[in-house]
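Residue-level structure breakdown
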Amino acid sequence: MRTIIATLTIVIAGTAQAAEIARNIVAELDPVAPTSASFEHNINDVATSKWGALADFNAKDVVSTGPEIWTGTFNVHGPSEPTASYRREDFWPGERHKLDAIRLRWNITRWERPRAMHGWFVKGGYSYTRISSHANRHTEEGGAGDAVPVTLPTSDPGDETDFVSDVRHGLVGGFGNRWTFFEQKLTLSLGASITLNFQRTVSVDSNDPNARADYEQMIRDLPETRLSTRPIPEGNLGIGYAW
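Conventions adopted
- Residues numbered from 1 in each chain as written.
- Predicted model: local features only at pLDDT ≥ 70, side-chain atom pairs only at ≥ 80, totals over all residues.
- Heavy atoms only, no water.
- Pairing = 2+ DSSP bridges.
- Helix = DSSP H or I, 4+ residues; strand = E, 2+ residues; numbered from the N terminus.
- Axes fitted to C-alpha atoms, helices over the stretch in contact; angles between N-to-C directions.
- Contact = heavy atoms within 4.5 Å.
- pLDDT = per-residue confidence, 0-100.
- Salt bridge = Lys/Arg side-chain N within 4 Å of Asp/Glu carboxyl O.

Points about the sheet that holds strand E7 (residues 186–205)
In any sheet, the strands associate via hydrogen bonds between backbone groups, in a parallel or an antiparallel arrangement. Here eight strands make up a closed barrel; going around it, the order is E1-E2-E3-E4-E5-E6-E7-E8 and the pairing antiparallel. Direction aside, the axes of adjacent strands within the sheet are offset by 25 degrees on average. Note: strand E2 (residues 47–59) against strand E3 (residues 63–77), 11 bridges, orientation antiparallel. Looking at the pairing, Leu54 lines up with Glu68 of E3. Relative to E7, helix H3 (residues 211–221) is tilted by about 165 degrees, and along the sheet it contacts E3, strand E4 (96–113), strand E5 (118–136), strand E6 (162–181) and E7.

What follows is the structure, given as structure tokens:
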């Protein structure tokens, strides 16, 4: 009897493991984005908010296709009052710089088990990124980035708000694995991806000759790799639900 029960248990477990429960939609949220935003705020004194999500739609049990979104807001402030020493990379007193970023991807994914959209996967697709920069920065003497600003000492920058718009188009590729739990309804995805931008347009609306240089320095200094102009690999983690 024990042998029969053990055999049935193994057969049932194997059948459940191999079951291909058809799923039409999988939606996942990125739990790392808000966590990293809180970490950056505490460590780097940058007011940050981030979140990300994606959806996969089953396409005839062959591939899946769907959108992916990531958004981030970054606020950096200089000290409110003049101090004894100044470092350009730490912002001059009174300076403010805010970035609003959004990245949209449309993915096409091939799965190890396409009917259920789980197991190993490879994906590729199109990436669109838009970053809007709003900065109140001092105009430095002679236009040099390391010179003392004309308006110091003061608590407010002497120039108007500088607007910079950065739009990028690119291709994305990645791979990873998705696990499913509880009758293949809950999902956990872990993967890596990289974006190669093939077109970039930067528009500047400012009288400050260093407006673009200030923006470029900002996206280099922030710890968020999605803002980088270089193709930097990134890790992706998603937790979601399958229908």
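Considering the pairing of E4
Here 15 bridges tie E3 to E4, and the two strands are oriented antiparallel to one another. Paired with Glu68 across the strands is Arg105, a residue of E4. Pairing geometry for E4 and E5, over 17 bridges, is antiparallel. Bridge pairing links Arg96 to Asn136 in E5. In this antiparallel pair of consecutive strands, E4 and E5, the connection spans four residues, and Met117 shows a positive phi of 55 degrees.

Quick notes on the confidence of the model for the chain
Of the residues in the chain, 78% reach a pLDDT of 70 or more, and the chain-wide mean stands at 85. Residue range residues 4–18 is modelled with pLDDT below 50. Its contacts to residues more than four positions away, or to other chains, number zero contacts.

Digging into the pairing of E5
With 17 bridges joining them, E5 and E6 adopt antiparallel strand pairing. Looking across to E6, one finds that Lys123 is bridged to Gly174.

Concerning the pattern of salt bridges
All told, the structure shown has 18 salt bridges when counted by the stated rule. Between Asp166 and Arg200 there is a salt bridge, with the nearest N and O atoms lying 2.9 Å from each other. Highlighted residues: Asp166 in strand E6 and Arg200 in strand E7, separated in sequence by 34 residues. Among the charged side chains, a network of salt bridges with common partners joins Lys50, Glu68, Arg103, Arg105, Lys123, Glu224, Arg226 and Glu234.

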